[in-house]
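Structural characterization, general
Spelled out, the chains give:
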Amino acid sequence: MLFCLLLGVLTTVPCIWAIPLAQDPHSASSRSTETIELNPYANKPRLTFRKDGTFKITVFSDLHYGENPWDDWGPEQDVNSTRLMNTVLTSEKPDYVVLNGDLITGENTFRENSTTLIDEIVSPLNKFKIPFSSTHGNHDNEPNITHAEEIKRELQVAPLSYTRAAPAWADGEGYGPGTYWVPVYTKASDRNPSLILWFFDSRGGFSEGANSTSLPDWVDAAVAEWIELTVAKMNSAWGPADKVGRGSLSFVHIPPHVVQDLQANLNSTQDPGLNADELGEGSTQASGEAANLGKDAPFWDALNAQVLNLHGVISGHDHGNEWCKREPTKNVIFCFDKHAGYGGYSSPGWGHGVRNIVFRSPDPKVGPETWIRMEDGETHARIIMDSSYN
Ligand SMILES: *[C@@H]1O[C@H](CO)[C@@H](O)[C@H](O)[C@H]1NC(C)=O
Ligand SMILES: *[C@@H]1O[C@H](CO)[C@@H](O)[C@H](O)[C@H]1NC(C)=O
Ligand SMILES: *[C@@H]1O[C@H](CO)[C@@H](O)[C@H](O)[C@H]1NC(C)=O
Ligand SMILES: *[C@@H]1O[C@H](CO)[C@@H](O)[C@H](O)[C@H]1NC(C)=O
Ligand SMILES: *[C@@H]1O[C@H](CO)[C@@H](O)[C@H](O)[C@H]1NC(C)=O
């Protein structure tokens, strides 16, 4: 890099960011940047900012379709959740939608028809022709439905799904299949993206017995290496994010463990939004057995060290929380989603809605604005995710 900068200064030769990636010859794995595809959506429309420089994301989290199909109230919840999606999409008209995990209450579904719930969930997105992608949650991983099965079905039935499965070399190594990124361009004709949306699989699930599919409830440590390799490849092809002005935003269903420490210091003026879910065992990644504490640290460290201009990290999972707060150890903004689904646990007064995130410019120095929008249109907990935020 220094060489490159000097060359650029001394000769006015355009500086090409061709940094050879140092391969560790002792590494047991055959992983390399060669397997990372920088144009993963050759057959789909390019995602772009609008002409006015904005880009709007709406997050539907914890939809929990398929609860108690043997009763009336379960299917009725799903009718309500679909109504909410239609209402919100009609008025918000987002450029992109994120389904941030727990799409399905997998422990209630039947082997023979569990994927038809995916058809139901994506139907409003198909109808409004809105590009979207998903993360997957602990409830999406049960003997009768898994993350991989949901992804496969989504790709079959939703032409505008940008969800991807983890790279082939990650198969069987515990990555969680839904680990990928999506590029957003300022203009469709641009060579390089100006915003990267990152999606991580926090795995989980609690099934037992012979057919158990349950996995640890944190992003696997091996994902740290995937982040490092991916960022290296992006940097060498497109230039380092901080030099060329590439921003990032990240989504993961279960909040990183450090989020647990934020709750005690919330200031409802600075960090507005419902705070009704006390974080404890099971609320954040690796928060169960003491032996597992800190197991999400390699992921969290790599994300924050490697991905520059990271506007924030967005999670669901804890249905009674909506707040944002700056995470001081990494100096990164964390935000909860809003529980969207009528399925899943709730309490009177929590209600249902979405988190909107509006980028006001492709320039990563301009932080996005974010707020909660309820089903009835009421909005609250608006903050700007920039350096001035607490
Ligand atoms: C569905 O939504 C209606 C209207 O908000 C509500 O009265 C009803 O209780 C909801 N039903 C379920 C099962 O959540
Ligand atoms: C999975 O589906 C099968 C077949 O419909 C059903 O018998 C079984 O109870 C389901 N298992 C769970 C854990 O829900
Ligand atoms: C799925 O299958 C179960 C058991 O066969 C049935 O009770 C349920 O109504 C079915 N659900 C859907 C959405 O078809
Ligand atoms: C495990 O799955 C198989 C195949 O679907 C099924 O026949 C069997 O009953 C399941 N066992 C348990 C303990 O659920
Ligand atoms: C909470 O935030 C407000 C607005 O920034 C500030 O005036 C107030 O002092 C803060 N309260 C505490 C206890 O820090």
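Data block above holds the structure.
Residues numbered from 1 in each chain as written. Chains lettered and ligands numbered in written order. Predicted model: local features only at pLDDT ≥ 70, side-chain atom pairs only at ≥ 80, totals over all residues. Heavy atoms only, no water.

Concerning the state of the cysteines
Scanning the entire structure with this criterion turns up one disulfide. Covalent S-S linkage joins Cys-324 and Cys-335, the inter-sulfur distance amounting to 2.1 Å. Here the disulfide of Cys-324 and Cys-335 is right-handed, its torsion about the S-S bond being about 105°. With Cys-324 in strand 9 (residues 324-327) and Cys-335 in strand 10 (residues 332-336), this pair connects stretches of sequence that are 11 residues apart. A single burial state applies to Cys-324 and to Cys-335, both of which are buried. (Disulfide = S-S within 2.5 Å. Helix = DSSP H or I, 4+ residues; strand = E, 2+ residues; numbered from the N terminus. Buried < 20%, exposed > 50% of the residue type's maximum accessible area, 1.4 Å probe, protein only.)

Quick look at the pairing of strand 3 (residues 96-100)
Judged by how many residues are buried, strand 3 sits mostly within the fold: five of five residues are covered. Here strand 3 shows no split at all, with Tyr-96, Val-98 and Asn-100 on one side and Val-97 and Leu-99 on the other all buried. By the bridge criterion, four bridges tie strand 2 (residues 55-60) to strand 3 in an arrangement that is parallel. Bridge pairing in strand 3 links Val-59 to Val-98. Remark: the strand 2/helix 2 (residues 73-92)/strand 3 crossover connection has right-handed handedness. In this structure, strand 3 lies alongside strand 4 (residues 132-135), joined through four bridges in parallel fashion. (Pairing = 2+ DSSP bridges. Right-handed = clockwise from strand over helix to strand, strands pointing away.)

Quick notes on empty space enclosed by the protein
Under the counting rule described, the total for this entry stands at two cavities of 30 Å³ or more. By volume, the largest cavity is sized at about 60 Å³. If you go around the largest cavity, the residues you meet are Ile-196, Trp-198, Val-231, Met-234, Asn-235, Ala-241, Arg-246, Gly-247, Ser-248, Gln-306, Val-307 and Leu-308. Residue assignment for the lining of the largest cavity shows that the elements contributing at least two residues are strand 6 (195-200), helix 5 (223-238) and strand 7 (247-252). In this structure, the second largest cavity is lined by Phe-49, Ser-194, Leu-195, Gly-247, His-311, Phe-359, Ser-361, Pro-362, Asp-363 and Pro-364. Considered class by class, the residues forming the lining of the second largest cavity number five nonpolar, four polar and one charged. (1 Å grid on protein atoms, 1.4 Å probe; cavity = no way out; pocket = protein on both sides within 12 Å on 5 of 7 lines; lining within 4 Å. Points joined across faces, edges and corners; volume = space filled by probe spheres on them. Nonpolar A, V, L, I, M, F, W, Y, C, P; charged D, E, K, R; others polar.)

Overview of the site of ligand 2
Neighbouring ligand 2 are Glu-107, Thr-109, Phe-110, Arg-111, Glu-112 and Asn-144. The separation between an oxygen atom of ligand 2 and a polar main-chain atom of Arg-111 is 3.1 Å. In this structure, an oxygen atom belonging to ligand 2 sits 2.4 Å away from a side-chain N or O atom of Asn-144. The protein chains hide 50% of the 360 Å² of surface that ligand 2 would expose on its own. Residues that form the shell around ligand 2 fall into these classes: one nonpolar, two polar and three charged. (Near = heavy atom within 4 Å. Polar contact = N/O pair within 3.5 Å; in protein donor to acceptor, adjacent residues only side chain to side chain. Areas by Shrake-Rupley, 256 points an atom, 1.4 Å probe, with all protein chains shown as cover.)

As for the sheet that holds strand 12 (residues 369-374)
The strand order across the open sheet formed by six strands is 4-3-2-11-12-13, and the pairing between neighbours is mixed. Where the open sheet ends on each side, the last strands, each with one partner, are strand 4 and strand 13 (379-384). Strand-to-strand twist in this sheet, taken as the mean axis angle between neighbours without regard to direction, amounts to 20°. Across four bridges, strand 12 lies against strand 13 in antiparallel orientation. Counterpart to Ile-372 in the pairing with strand 13 is His-380. (Axes fitted to C-alpha atoms, helices over the stretch in contact; angles between N-to-C directions.)

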